[in-house]
Amino acid sequence: MSNIFASAGVVTGIFYSFIILLSRTNYKSKWWLILFLTLLNLTLLPPLLILFQTFPPLWINASFGLLWGPTLYYYVASLLKEKINYKWLPLHLLPFAIYYSLSFIFGIEIIPGPPDLQAPHHINSNPASFILFSSIQSCSLLGYSIFTLFVLNKHAKNIRNHYSYTDVHLTIRWSYVIIIFFVSAYIFVVLVEQIVGNHIQYITHDIQSILIASFIYVLGYLGIKQQPVYLNMIDEQVLNKETERETETEHNTQSKEKYSKNKLDEELKESYKTKLLHHLETEKPYLQAKLCINDLSESLQIPKHFLSQIINDSLGHTFYSLINSYRVNEVKQRIQNDINEQFTLLAIAFDSGFNSKSGFNQNFKLETGMTPLEFKNKTKACKTSN
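Residues numbered from 1 in each chain as written. Predicted model: local features only at pLDDT ≥ 70, side-chain atom pairs only at ≥ 80, totals over all residues. Heavy atoms only, no water.

Focus: helix α10 (residues 266-282)
Stated precisely, the cut-off is as follows: By the criteria applied, helices consist of DSSP H or I runs no shorter than four residues and strands consist of E runs no shorter than two, each listed in order from the N terminus. How far a helix is expected to stretch is found by multiplying one less than its residue total by 1.5 Å. Remark: exposure states derive from per-residue accessible area (1.4 Å probe, protein chains only) relative to the maximum for the residue type, with buried under 20%, exposed over 50%, and partly exposed in between. The arc refers to the directions leading from the helix axis to the C-beta atoms.
Across its 17 residues, α10 extends 24 Å between first and last C-alpha, which sits within 8% of the 24 Å expected from 1.5 Å per residue. Here α10 has its buried residues at Leu-268, Lys-269, Tyr-272, Lys-273, Leu-276, His-279 and Leu-280. Seen along its axis, α10 keeps its buried residues to an arc of 140°; they face one direction. Along α10, the residues that are exposed and aim more than 90 degrees away from the buried face are Glu-266, Glu-267, Thr-274, His-278 and Glu-281. Where α10 terminates, the next one or two residues include Lys-284, which has phi positive at roughly 50°.

Have a look at this one:
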């Protein structure tokens with residue numbers, strides 16, 4: 001069975017890589033995704049070659065698995081940031097370089113798995129080398145996965161500070177699921193194999209091939225559809241630099257004395273806060289489904305960083321929660337207005353600035369403690385009793 005899935009995985013990986021390579025986009029994430037798919041393919045290639053009695057050459061090394069973690073991290077990072085710092089890349093590659101070199105210098109067996117008497121010596125592995133490699137690879141994959149999830153979580157928080165909406169492509173929610181599932185399942189299989197030993201090696205290798213082939217299919221499919229989100233994301237370092245330039249242009253020398261380390265003077269903070277709340281009440285910018293902090297900054301002529309500071313510190317909100325709280329209030333007012341009885345709740349929600357049913361229901365329940373339908377029924381009951 002493993003040979004069938006290994007074959008399917010290799011063919012799928014090559015197909016996806018070819019499609020991505022032919023795409024007209026030139027994002028860095030494209031190349032990291034191709035590299036990741038290639039590394040996964042190299043893992044499936046040895047059992048596939050052995051099936052046809054063509055044993056893998058020495059350079060096809062199991063230590064390529066030590067590149068999974070760094071490649072996963074840089075792929076996700078390249079989706080979130082237009083410019084990536086590669087200063088520490090050599091350090092990320094060091095474990096692979098060491099193990100790969102040792103496999104040549106000291107003849108460490110490099111294809112962990114059940115022995116094959118017809119295979120060259122370097123194909124087979126003894127229990128010690130297998131346990132060593134599996135432990136190193138599992139720790140590497142687990143560590144990088146945790147760090148990658150941390151980066152994704154930070155990105156999600158950044159979205160809520162700059163956007164009033166979320167969607168699948170913006171948050172890359174799919175990456176959470178496949179990373180957690182693949183890593184946990186793969187490490188579990190490796191641990192079981194180490195604990196039980198040679199008795200179930202053939203079974204666990206079948207499961208590993210199935211996992212890797214499935215991961216190639218899902219990752220390739222979703223990776224092709226996923227566009228980088230840094231085109232719409234506000235980088236905090238760039239934001240601070242822009243803020244300094246905007247501050248100098250808008251307030252000149254006299255007002256610059258009011259700023260210290262990008263922190264607002266209390267008097268100016270209150271002025272900006274009043275201006276923001278007045279704008280939200282009168283102009284109702286939250287009715288725009290895809291409102292972001294850039295739009296509000298331009299309308300109010302308030303630097304983005306200061307606007308974010310006011311929303312976070314003075315109002316106790318993220319940009320996302322603030323705008324959606326206004327949208328919820330708008331929905332409540334429209335439900336209470338008899339003129340809107342002919343419209344569905346979803347129609348009212350979309351007209352109030354929400355762009356998805358799930359986002360509407362979630363934010364409404366969070367603000368009111370009731371579902372939209374419960375609130376509507378309660379409003380009707382109150383009107384009837386009166």
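More follows now that the structure is in view.
Describing unusual backbone geometry
Look at Lys-284: it is not a glycine, yet its phi comes out positive at around 50°. For Lys-284, the location among the structural elements is in the loop between α10 and α11 (293-300).

Notes on the confidence of the model for the protein chain
Definition in use: Note: pLDDT gives the predictor's confidence per residue, expressed from 0 to 100. By the convention used here, residues are in contact when the closest approach between their heavy atoms is within 4.5 Å.
Summarising the model, the protein chain shows a mean pLDDT of 80, and 75% of its residues fall at 70 or more. Contacts of residues 110-124 to residues separated by more than four positions or lying in other chains number 46 contacts, the stretch itself having pLDDT below 50. Across residues 232-261, confidence stays below pLDDT 50; counting only partners more than four residues off in sequence or on other chains, it has 43 contacts.

Let's talk about the side chain of Thr-148
Position of Thr-148 relative to the elements: it lies in helix α5 (residues 127-162). In contact with Thr-148, not counting residues within four places along its chain, are Leu-72, Tyr-73, Val-76 and Ile-179.

Quick notes on the packing of helix α13 (residues 319-336) against helix α16 (residues 372-385)
Worth spelling out the cut-off: All axes are obtained by fitting lines to C-alpha atoms, using only the stretch in contact for helices, and the reported angles, taken between N-to-C directions, cover 0 to 180 degrees. Angles are sorted into four bins: roughly parallel if under 35 degrees, roughly antiparallel if over 145, roughly perpendicular if 65 to 115, and oblique for all others. Throughout, a crossing is termed right-handed when the near helix is turned clockwise from the far one, and left-handed when it is turned anticlockwise from it by less than a right angle. The classification used treats Ala, Val, Leu, Ile, Met, Phe, Trp, Tyr, Cys and Pro as nonpolar, Asp, Glu, Lys and Arg as charged, and all other residues, Gly among them, as polar.
The interhelical angle for the contact between α13 and α16, taken along N-to-C directions, is 40°, at an axis separation of 10 Å. Judged by the inter-axis angle, α13 sits oblique to α16. α13 and α16 meet at a crossing whose hand is right-handed. In contact with Lys-332, Ile-335 and Gln-336 of α13, α16 contributes Phe-375, Lys-376, Thr-379 and Lys-383. Its residues assigned to classes, the contact of α13 with α16 comprises two nonpolar, two polar and three charged.

Remarks on the nonpolar core
We count it as follows: Among buried residues, the Ala, Val, Leu, Ile, Met, Phe, Trp, Tyr and Cys ones that are joined through side-chain atoms within 4.5 Å form a nonpolar core.
In this structure, Trp-68, Tyr-75, Phe-182, Ile-212 and Leu-219 are the most contacted members of the largest nonpolar core, which totals 54 residues. Broken down by secondary-structure element, the contributors of at least two residues to this core are α1 (2-22), α2 (28-51), α3 (68-80), α4 (89-105), α5, α7 (173-196) and α8 (201-225). Apart from residues no more than four positions distant in its own chain, Leu-219 is found in contact with Leu-33, Phe-36, Leu-37, Tyr-75, Trp-174 and Ile-178. Membership of the second largest hydrophobic core comes to 18 residues, among which are Ile-293, Ile-311, Phe-319 and Tyr-326.

Side note on the packing of α11 against helix α12 (residues 304-314)
For any two helices packed against each other, one specifies the inter-axial angle together with the distance between the axes. Taken N-terminus to C-terminus, the directions of α11 and α12 make an angle of 105°; their axes are 9 Å apart at the nearest point. Judged on the interaxial angle alone, α12 and α11 are roughly perpendicular. Contacts from Ile-293, Asn-294, Leu-296, Ser-297 and Leu-300 in α11 reach Lys-304, Leu-307 and Ser-308 in α12. For the contact of α11 with α12, the per-class residue count stands at four nonpolar, three polar and one charged.

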